[in-house]
Amino acid sequence: MAAEMRFIISACFFLMLFSYGAAYDPLDPNGNITIKWDIMSWTADGYVATVTMHNFQMYRHIISPGWTLGWTWAKKEVIWSMVGAQTTEQGDCSKFKGNIPHCCKRNPTVVDLLPGVPYNQQYANCCKGGVVSSWGQDPESAISAFQDQGYTCGPARVVPSTNFLTADRRRKTQALMTWNVTCTYSQFLARKNPSCCVSFSSFYNETITPCPTCACGCQNKNSCVKSDSKILNMVGINTPRKDNTPLLQCTHHMCPVRVHWHVKLNYKDYWRVKISITNFNYRMNYTLWSLAVQHPNLNNVTQVFSFNYKPLLPYESINDTGMFYGMKFYNDLLMEAGPLGNVQSEVLLQKDKNTFTFKQGWAFPRKVYFNGDECMLPPPDTYPYLPNSAYRKLLSFSTLISVVLFVFIAIW
């Protein structure tokens, strides 16, 4: 998605974004958001610019309420007009007579337009409410204009001018000047607590390992709603709030989202896992959700039954990370909490005889990310373990046969 913003300013321009801080994702070490600022033409007192954002993150997309782009002008610049986006405030433009600028604030905040705006306000790929796909999930939709809470951005750098092709692709033009800004995501800056948790179970142990207590913080404990509460029948209960305050189902973990990993079946050469994702937020559904998982046996995924799957190869020599996401028009929308607020799929994996085992929690994932945020896993010592009783029972049965045989011989 590209959004053109027509800036006609009265002084030279210097872009200042937020201070840069290191933010590194080991599962997507090269993932970033790149903002490109192209000067398309000069005017008498300024210029016209096109701002484009590319989301080069493999599994982290921008969900509703969408991206926000913000910066600070170096001097007393103003935005005369804007197409494909809008500022959230106009600011004080009282000194202007006649033509009034679109925005006079020194630190403007820009948001995407909603779908269905008039054509004369649109620009190529704009107007999707700020929702942007991840590069790994849908590269064609991973384009917009962006700066979101939780991202830290480096300084603006002059780079070679962007080239553009005309509609008939017979003529090439280029921007008069281009700046690039690179932003990376930090979950620590985005939120104090995790936004999801993971629970485990298996066919070989009756124990179900739940999400840790207060895995996502218990600050919403006093305002949560029980699943059978009559308040859920009220009109508008599922309408999102402007401040995105959640309405969570009362649980011991108090997470908006839970991922459950169940080791379901064991075959001679294969094993099967069932993955279930449950939404506990009555005011939020997740469009184009994604689930990134790290497990050593993801190098031998044979079949994924109800999700799409794509290997993530941050380090080419290691194939232990993959992204699951919904099938379009089938389960790519995770509905709000309630009877329809879950999606699930089974995964068939081929065994590697040199590494495969059910011992010591090997069958469970090392890391899980929902929509780009790392989920809290249970403590390793609580994982469903492969009971030694299986071996003890076999040994006891053999011993019993020997004793019975001995007694039989003695009596005989």
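Because the structure is a prediction, the values reported are computed rather than measured.

Thresholds applied
- Residues numbered from 1 in each chain as written.
- Predicted model: local features only at pLDDT ≥ 70, side-chain atom pairs only at ≥ 80, totals over all residues.
- Heavy atoms only, no water.
- Buried < 20%, exposed > 50% of the residue type's maximum accessible area, 1.4 Å probe, protein only.
- Helix = DSSP H or I, 4+ residues; strand = E, 2+ residues; numbered from the N terminus.
- Pairing = 2+ DSSP bridges.
- Core = buried A, V, L, I, M, F, W, Y, C linked by side-chain atoms within 4.5 Å.
- Contact = heavy atoms within 4.5 Å.
- Disulfide = S-S within 2.5 Å.

1. A closer look at the pairing of strand S21 (residues 321-325)
Of all five residues that make up S21, five are buried, and the element is covered over most of its length. Along S21, one buried face is formed by Thr321, Met323 and Tyr325 and the opposite face, lined by Gly322 and Phe324, is buried too. One ladder, built from five bridges, connects strand S20 (residues 308-312) with S21; its direction is antiparallel. Counted as the bridge partner of Tyr309 is Phe324 from S21.

2. Some remarks on the environment of Lys359
Tracing the sequence through the fold places Lys359 in the loop between strand S23 (342-350) and strand S24 (367-370). Along the sequence, Lys359 and Asn388 sit 29 residues apart, while their C-alpha atoms lie 9.7 Å from each other.

3. Digging into the nonpolar core
The biggest cluster of nonpolar side chains holds 36 residues, and the ones touching the most others in it are Trp271, Ile275, Ile277, Trp289, Leu291, Phe324 and Phe370. Those elements giving two or more residues to this core turn out to be strand S13 (196-202), strand S15 (257-266), strand S16 (270-279), strand S18 (290-294), S23 and S24. Apart from the residues within four sequence positions on either side, Ile277 is in contact with Val257, Arg258, Val259, Trp289, Leu291, Leu334, Gly341, Asn342, Val343 and Phe370. One finds Trp67, Trp71, Cys103 and Cys183 within the second-largest nonpolar core, a separate group that totals 23 residues.

4. Details of the state of the cysteines
Going through the model one piece at a time under the given rule, you end up with seven disulfides. The disulfide that involves Cys196 links it to Cys375, with 2.0 Å between the sulfurs. Its S-S torsion of about -95° marks the bond between Cys196 and Cys375 as left-handed, since a negative value means left-handed. Highlighted residues: Cys196 in strand S13 and Cys375 in the loop between strand S25 (373-374) and helix H2 (389-411), separated in sequence by 179 residues. For Cys196, a relative accessible area of 0% puts it in the buried group. Here Cys197 pairs with Cys211 through a disulfide, and the sulfurs are 2.2 Å apart. Taking the torsion about the S-S bond as the criterion, the Cys197 to Cys211 disulfide, at about 85°, is right-handed. Of this pair, Cys197 sits in strand S13 while Cys211 sits in the loop between strand S14 (205-209) and S15, placing them 14 residues apart in sequence. Of the two residues, Cys197 and Cys211, both sit in the buried class. This cysteine, Cys103, is not joined by any disulfide, and Cys104 carries the nearest cysteine sulfur, 6.6 Å off.

Shape descriptors only; they carry no functional weight alone.
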